[in-house]
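Observations on chain architecture
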Amino acid sequence: VQLQASGGGLVQAGDSLRLSCAASGRSFTNYNMGWFRQAPGKEREFVATISGSGTTTDYADSVKGRFTISRDNAKNAVHLQMNSLQPEDTAVYYCALSSALRVGVSSVVQVYDYWGQGTLVTVSS
C-alpha cells in the first residue's frame with residue numbers, strides 16, 4: 001500500500017485547509033485510516049481516525065469541533081478538513097492505514113503499519 005498525503009501549506013490563524021490522502025496498491029475499504037501529526041521536537045501524535053466503513057470517527061481533544069475526517073472508499077481517499085487553524089496546529093501531517101484493525105478505530109500509532117510521506121501545515125499568528 002502506498003499513501004500519498006497532500007494539501008498542506010502556509011495559512012494564517014483562523015484559516016482552513018483540507019488535507020487529502022490517496023491510497024494505491026490495494027483497496028483500502030474496510031481498513032481503519034488515521035491522521036497523525038508531528039511538530040518540530042515533539043513526538044508524533046494522534047489527530048483523527050475513521051473506520052473502514054466511515055461510520056465511526058474519533059478525534060484528539062485538541063482538534064474536536066475544528067477538524068473533520070472523512071473518506072471516499074470509491075476513490076481510495078481520506079480527507080481531513082481543518083477549520084479555525086491555530087499556530088499550535090503547525091506540524092507535518094501524516095495519513096496512515098492499519099491493515100490489522102478491521103473493526104472500530106484506534107488512536108495508537110503502533111496500530112498503523114502503512115504511512116504516507118507527510119504534508120507540512122504551517123499556521124502563522
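All of the points below concern the structure found in this document.

Definitions and limits used
- Residues numbered from 1 in each chain as written.
- Predicted model: local features only at pLDDT ≥ 70, side-chain atom pairs only at ≥ 80, totals over all residues.
- Heavy atoms only, no water.
- Pairing = 2+ DSSP bridges.
- Helix = DSSP H or I, 4+ residues; strand = E, 2+ residues; numbered from the N terminus.
- Phe/Tyr/Trp six-rings, centres within 6.5 Å; stacked < 30°, edge-to-face > 60°.
- Buried < 20%, exposed > 50% of the residue type's maximum accessible area, 1.4 Å probe, protein only.
- Lys NZ or Arg CZ within 6 Å of the ring centre and 35° of its normal.

**As for the pairing of strand β3 (residues 17-24)**
Note that strand β1 (residues 2-6) and β3 share five bridges and pair antiparallel. Opposite Gln4, over in β3, you have Ala22 as the bridge partner. With six bridges joining them, β3 and strand β8 (residues 77-82) adopt antiparallel strand pairing. What sits directly across from Arg18, in β8, is Gln81.

**Notes on the packing of aromatic side chains**
Per the stated rule, a full pass over the model turns up five aromatic pairs. With a centroid separation of 5.9 Å and an interplanar angle of 70°, the aromatic rings of Phe36 and Phe46 are classed as edge-to-face. With Phe36 in strand β4 (residues 32-38) and Phe46 in strand β5 (residues 45-50), the pair connects residues that are ten residues apart, well separated along the chain. Accessibility assignment for this pair places Phe36 and Phe46 in one class, buried. Geometrically, the ring pair formed by Tyr94 and Trp115 is edge-to-face, given 6.5 Å between the ring centres and 75° between the ring planes. Of the two residues, Tyr94 is situated in strand β9 (residues 91-98) and Trp115 in strand β10 (residues 114-115); the sequence distance between them amounts to 21 residues. Joined through ring pairs, the aromatic side chains of Phe36, Phe46, Tyr94, Tyr112 and Trp115 make up one cluster. Directly above the aromatic system of Tyr94 lies the positively charged group of Arg44, at a separation of 3.8 Å from the ring centroid. Looking at Arg44, its charged tip hangs above the ring of Trp115, at a distance of 4.7 Å from the centre.

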